[in-house]
Structures are given as structure tokens and as C-alpha cells.
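# Observations on the model geometry
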Amino acid sequence: QVQLVESGGGLVQAGGSLRLSCAASGSIFAINAMGWYRQAPGKQRELVARATSGGDTTYADSVKGRFTISRDNAKKTVYLQMNSLKPDDTAVYYCNLDRYAYRGSLADRYWGQGTQVTVSS
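A few points on the structure. On a predicted model such as this, the values are computed, not experimentally measured, just so you know.

### Examining the overall build of the chain
The secondary structure content of the chain amounts to zero helices and eleven strands. Helices and strands in the chain line up, N terminus first, as β-β-β-β-β-β-β-β-β-β-β. Relative to the 2.2 N^0.38 estimate, which gives 14 Å for 121 residues, the radius of gyration of the chain is 14 Å and therefore close to what a compact globule would have. Overall size of the chain, expressed as C-alpha extent along the three principal axes, is 50 × 25 × 25 Å. Looking at the chain as a whole, 40% of its 121 residues qualify as buried. In the chain, 57% of the contacts between residues at least 6 apart in sequence involve partners at least 24 apart. Positive and negative side-chain charges in the chain, numbering 14 and 9 respectively, have mean positions lying 3 Å apart.

### Comments concerning the environment of Thr57
Inspection of the secondary structure puts Thr57 in strand S6 (residues 57–59). According to the relative accessible area criterion, Thr57 is partly exposed, its value standing at 43%. The contact partners of Thr57, leaving out residues within four places of it in the chain, are Arg50, Ala51 and Ile69.

### Considering the state of the cysteines
Here the structure, examined in full by the defined rule, presents one disulfide. At a sulfur-sulfur separation of 2.0 Å, the disulfide partner of Cys22 is Cys95. Since a negative S-S torsion denotes a left-handed disulfide, the Cys22-Cys95 link at about -80° is left-handed. With Cys22 in strand S3 (residues 18–26) and Cys95 in strand S9 (residues 91–100), this residue pair connects regions lying 73 residues apart in the sequence. Across this residue pair, the class does not change: Cys22 and Cys95 are buried.

### Description of the pairing of strand S7 (residues 67–72)
Within a regular beta strand, the side chains point alternately toward one face of the sheet and then the other, so they alternate between its two faces. As paired strands, S7 and strand S8 (residues 77–82) are joined by six bridges and run antiparallel to one another. In the strand pairing of S8, Ile69 is matched with Leu80. Hairpin connection of S7 to S8: four residues between the antiparallel strands, including Lys76 at a positive phi of 50°.

### Brief notes about the side chain of Glu6
When you line up the elements, Glu6 lands in strand S1 (residues 2–7). Polar contacts involving the side chain of Glu6 include one to the main-chain amide nitrogen of Thr115, which spans 3.5 Å. Not counting residues within four places of it along the chain, the set of residues in contact with Glu6 comprises Ser21, Cys22, Trp36, Tyr93, Tyr94, Cys95, Gly112, Gln113, Gly114 and Thr115.

### Focus: the pairing of strand S10 (residues 107–111)
Bridge count between S9 and S10: five bridges; the pairing is antiparallel. Residue pairing in the sheet places Asn96 in a bridge with Trp111 of S10. In textbook terms, the turn of a hairpin is the stretch between consecutive antiparallel strands, and for S9 and S10 this stretch comprises six residues, one of which, Gly104, has a positive phi near 90°.

About the thresholds
Residues numbered from 1 in each chain as written. Predicted model: local features only at pLDDT ≥ 70, side-chain atom pairs only at ≥ 80, totals over all residues. Heavy atoms only, no water. Helix = DSSP H or I, 4+ residues; strand = E, 2+ residues; numbered from the N terminus. Rg over C-alpha atoms; globule rule 2.2 N^0.38 Å. Buried < 20%, exposed > 50% of the residue type's maximum accessible area, 1.4 Å probe, protein only. Contact = heavy atoms within 4.5 Å. Lys, Arg positive; Asp, Glu negative; His and termini not counted. Charge placed at Lys NZ, Arg CZ, Asp CG, Glu CD. Disulfide = S-S within 2.5 Å. Pairing = 2+ DSSP bridges. Polar contact = N/O pair within 3.5 Å; in protein donor to acceptor, adjacent residues only side chain to side chain.

Pasting the structure below:
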């Protein structure tokens, strides 16, 4: 199985910064992509940022220029540096991993338990 351990959430004032981390472990032959999604109360889960092993990154329009995703492939860890935080960024943030279980397998997806980010105005 696969485990994703998230850390770094918390309460911050508008304009502040937080850094989320997510470390993957377990049965992982290779990683296709890692990323972050978020879900605010009453809203659907949405992509925040995603980074593939090939180096491609994708960001939600709402966070471009403020958030930066990075990966440490050796540690199987993904980070999300969040700057200039706004109250609209308040949500539970979920780490996401697309992994290959063995050579030739299809990628499957795992989710972290979620970490709360609250931005006060």
C-alpha cells in the first residue's frame, strides 16, 4: 500500500505564507505526478497545483503567481509554498499521488488525509 503524510497547514492572516509538505512511502515503483487539491466547505474539490515527473507543472488560475509547487524526487515528497494568502484560499488541502505499482502497470491515484488551511481577514 501507499501512505501520504501531509504537514504544514494552519491558521494565518491574509497576506501571510504557509508551506505544505507531503511525503509518500510504501509500494511505489515510480511516480507519474504529485500535486495538491483543495476543498472548501460547500464546494467541490479542485486542483491547486500538480507536478509531473517530467517536470511539467500546472496551477489553478486563482493561485498563479502566489503558489509554487516543488518536488524532491529522492524523498518522494511534494511541497506547496503558498504566499500572499487570501481568505478565499481557506480549505482543506489534499496531497495527491499518481503512482505506478510495477513496471508496465497503469498509474493509480492516492490521496492524503488532508490538512486545514485557514486564512483570516
